[in-house]
Amino acid sequence: MKLRNLSILGLAVLASCASAPKQETMEEMTARVFDVAKQQMIAMDAQLGPKQLPKTISADSTFQTSSRYWWCSGFYPGSLWYVYEYTNDDTVKELAIKNTLKLDSVKFVTDNHDVGFMINCSYGNAYRLTGNEAYKEVLNVAAHSLATRFREHVGCIQSWGSNKRWQCPVIIDNMMNLELLMSVGDMFNNDTLRTIAKTHADTTIKNHFRPDYTSFHVVDYNPETGEVNMKCTHQGYSDESAWARGQAWGLYGYTMMYAFSGEERYLAQAENIAKALIPRLPEDGIPFWDFDAPNGEEHRDTSAGAIMASALVQLSTLTKDAEASKCYLATAEKQMRSMATPKYLAEPGTNCSFLLRRSVGHFKGNSEIDVPLTYADYYYLEALLRYRALNK
Ligand code: GLY
């Protein structure tokens, strides 16, 4: 090639580089998302009565609240704590305290397993960020409430009450509630709580998973003998399908159990789940509500995407396999970047003050389809903070 042609080519390459849009760094993107989150979470508080927590937007586009006893009550206070952690803003801290204290009596809940979600996400973050001993005592009481649901013969915490269909149902979501037991077990050096959590995690490895490392949603046990009565779904597409949020709860749950216990079997389980799910994600990394949802029934579920992203960031720091670590982090980064686009992220002042759009609560129950959900917001903020901590 002649010298003149080469320089024309060089100029063309330079021009195309100059016009290529520069990708926002993760740091810039995180700052942008937290700016939106701060505005939304402050505006959210103004929509709430003294005993109300946010829930979702209903089919007729109205804002829905819940009482402190809905399983999601801890996520909004928890999101406020995450926004406070990032911004250090005292107004946000005041709102975080106010909305956390709404849940005080939840520590006595013994009729379902969700006391773990409710109290750990609210009071757990409150204690972590303030060191206030009063919060620690709430965590202790709540952990003991949760422990009353441990069924010795089954080796699990019973998730829901029994009814005509179930004797002792245990759902994969329950893995998340073990964090309350593990953290309080460590705070008070209480081995009973830690043993209950590990026994539950071991029984779940044995009975909830299929050979491909996807999981059933519900396993029902005979509480007297510990035998499995049935394996089925409540919120998934079918008994045999891979309900996306359930898969995400399992991934997060075993990653968390390894982080607390150092037991290799939990790391192996988390990695096997990650390796089963990652190849099945759509292009932008945000799962459909069920990995096996048939054509025409696919809706994205940002809650599952956010839970996965948070778990994968943590897993990338725990695995001993450098290639796997890169893959987990790249997947989480893709998911976080996707959720920061207008397809999923709300404009400030819209979306009834929720941060993310497009989650699915209970598709087959025709409830909460393609709507904001507080836990999508919570785990997205957590994922971003976990990612930021990698570079600190
Ligand atoms: N734990 C209930 C749900 O994930 O929908």
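As a starting point, this report considers the structure included with it.

How each quantity is defined
Residues numbered from 1 in each chain as written. Predicted model: local features only at pLDDT ≥ 70, side-chain atom pairs only at ≥ 80, totals over all residues. Heavy atoms only, no water. 1 Å grid on protein atoms, 1.4 Å probe; cavity = no way out; pocket = protein on both sides within 12 Å on 5 of 7 lines; lining within 4 Å. Points joined across faces, edges and corners; volume = space filled by probe spheres on them. Helix = DSSP H or I, 4+ residues; strand = E, 2+ residues; numbered from the N terminus. Salt bridge = Lys/Arg side-chain N within 4 Å of Asp/Glu carboxyl O. Axes fitted to C-alpha atoms, helices over the stretch in contact; angles between N-to-C directions. Parallel < 35°, antiparallel > 145°, perpendicular 65-115°, else oblique. Left-handed = near helix turned anticlockwise from the far one by under 90°. Contact = heavy atoms within 4.5 Å. Nonpolar A, V, L, I, M, F, W, Y, C, P; charged D, E, K, R; others polar. Core = buried A, V, L, I, M, F, W, Y, C linked by side-chain atoms within 4.5 Å. Buried < 20%, exposed > 50% of the residue type's maximum accessible area, 1.4 Å probe, protein only. Pairing = 2+ DSSP bridges. Phe/Tyr/Trp six-rings, centres within 6.5 Å; stacked < 30°, edge-to-face > 60°. Lys NZ or Arg CZ within 6 Å of the ring centre and 35° of its normal.

We now examine empty space enclosed by the protein. For the structure on display, the rule yields one cavity of 30 Å³ or more. What the largest cavity holds in volume is close to 40 Å³. What lines the largest cavity is Met41, Met44, Phe75, Tyr76, Ser79, Phe354, Thr374 and Asp377. Taken together, the elements giving at least two residues each to the lining of the largest cavity come down to helix H2 (26-46), helix H3 (75-87) and helix H13 (374-390).

Per the stated rule, a full pass over the model turns up 21 salt bridges. Where Lys107 meets Asp104, a salt bridge forms, and the shortest distance between an N and an O atom there is 3.0 Å. Among the charged side chains, a salt-bridge network with shared partners connects Lys198, Asp202, Glu263 and Arg265.

Our next topic: the packing of helix H6 (residues 133-147) against helix H7 (residues 178-187). The geometry of H6 relative to H7 is characterised by a closest axis approach of 9 Å and an angle of 125° between their N-to-C directions. In this view, H6 runs oblique relative to H7, as classed from their interaxial angle. Read as a crossing pair, H6 and H7 show a hand that is left-handed. Two secondary-structure elements touch here, H6 through Lys136, Leu139, Asn140, Ala142, Ala143 and Leu146 and H7 through Leu180, Leu181, Val184 and Met187. A per-class count over the contact of H6 with H7 returns eight nonpolar, one polar and one charged.

For the rest of this paragraph, the subject is the nonpolar core. Across soluble globular proteins, you tend to see nonpolar side chains buried next to one another. The biggest cluster of nonpolar side chains holds 115 residues, and the ones touching the most others in it are Met336, Leu355, Tyr379 and Tyr380. In contact with Met336, other than residues within four places in its own chain, are Met26, Met29, Ala309, Val313, Tyr380, Ala383, Leu384 and Tyr387. Val154, Cys156, Val219 and Tyr221 belong to the second-largest nonpolar core, a separate cluster that totals six residues.

The antiparallel open sheet is built from three strands, whose spatial order is E5-E6-E7. Edge positions in the open sheet fall to strand E5 (168-171) and strand E7 (228-232), since each of these has one partner strand only. Strand-to-strand, the axes of this sheet are offset by a mean angle of 20°, without reference to chain direction. By the bridge criterion, four bridges tie strand E6 (residues 218-221) to E7 in an arrangement that is antiparallel. Looking across to E7, one finds that Tyr221 is bridged to Val228. Each of E5, E6 and E7 touches helix H8 (residues 191-208); the most contacted strand, E6, lies at about 105° to it.

The next thing to look at is the layout of surface pockets. Computed from the structure, the largest pocket encloses a volume of approximately 600 Å³. Around the largest pocket, the lining is made up of 28 residues, and of these Tyr82, Asn125, Arg128, Glu179 and Glu382 lie nearest the centre. Take the lining of the largest pocket: its biggest share by element is eight residues, from helix H5 (residues 115-130). Grouping the amino acids of the lining of the largest pocket by side-chain chemistry returns 14 nonpolar, seven polar and seven charged.

Here Asn120 is to be found in helix H5. Ignoring sequence-local partners within four residues, the contact set of Asn120 consists of Val115, Asn125, Leu139, Glu179, Leu180 and Ser183.

Once that is clear, we can look at the environment of Ser122. Residue position: Ser122 is located in helix H5. The class for Ser122 is buried, based on a relative accessible area of 0%. Considering only alpha carbons, one finds Ser122 and Thr204, 82 residues apart in sequence, at a separation of 26 Å. Not counting residues within four places of it along the chain, the set of residues in contact with Ser122 comprises Gly74, Pro77, Gly78, Trp81, Thr100 and Leu103.

Notably, Cys352 is not glycine yet its phi reads approximately 50°, a positive angle. Here Cys352 shows up in the loop between helix H12 (322-339) and strand E8 (359-362). Notably, Glu368 is not glycine yet its phi reads approximately 60°, a positive angle. Of note, Glu368 is situated in strand E9 (residues 367-371). Under the relative-accessibility criterion, Glu368 is labelled buried at 17%.

If you walk through the whole model with that rule in mind, you get 23 aromatic pairs. Ring geometry for Trp71 and Trp249: centres 6.4 Å apart, planes at 80°, overall edge-to-face. A residue pair is termed long-range when its members are at least 10 positions apart, and Trp71 in the loop between strand E2 (63-66) and H3 and Trp249 in helix H9 (residues 244-261) qualify at 178 residues. A single burial state applies to Trp71 and to Trp249, both of which are buried. An aromatic cluster of at least three residues, connected via ring pairs, comprises Trp70, Trp71, Phe75, Tyr82, Phe117, Trp249, Tyr252, Tyr375, Tyr378 and Tyr379. Over the face of the ring belonging to Phe188 we find Lys136, whose NZ or CZ atom lies 5.1 Å from the ring centre. Lying across the ring of Tyr237, Lys364 places its NZ or CZ 5.3 Å from the centre.

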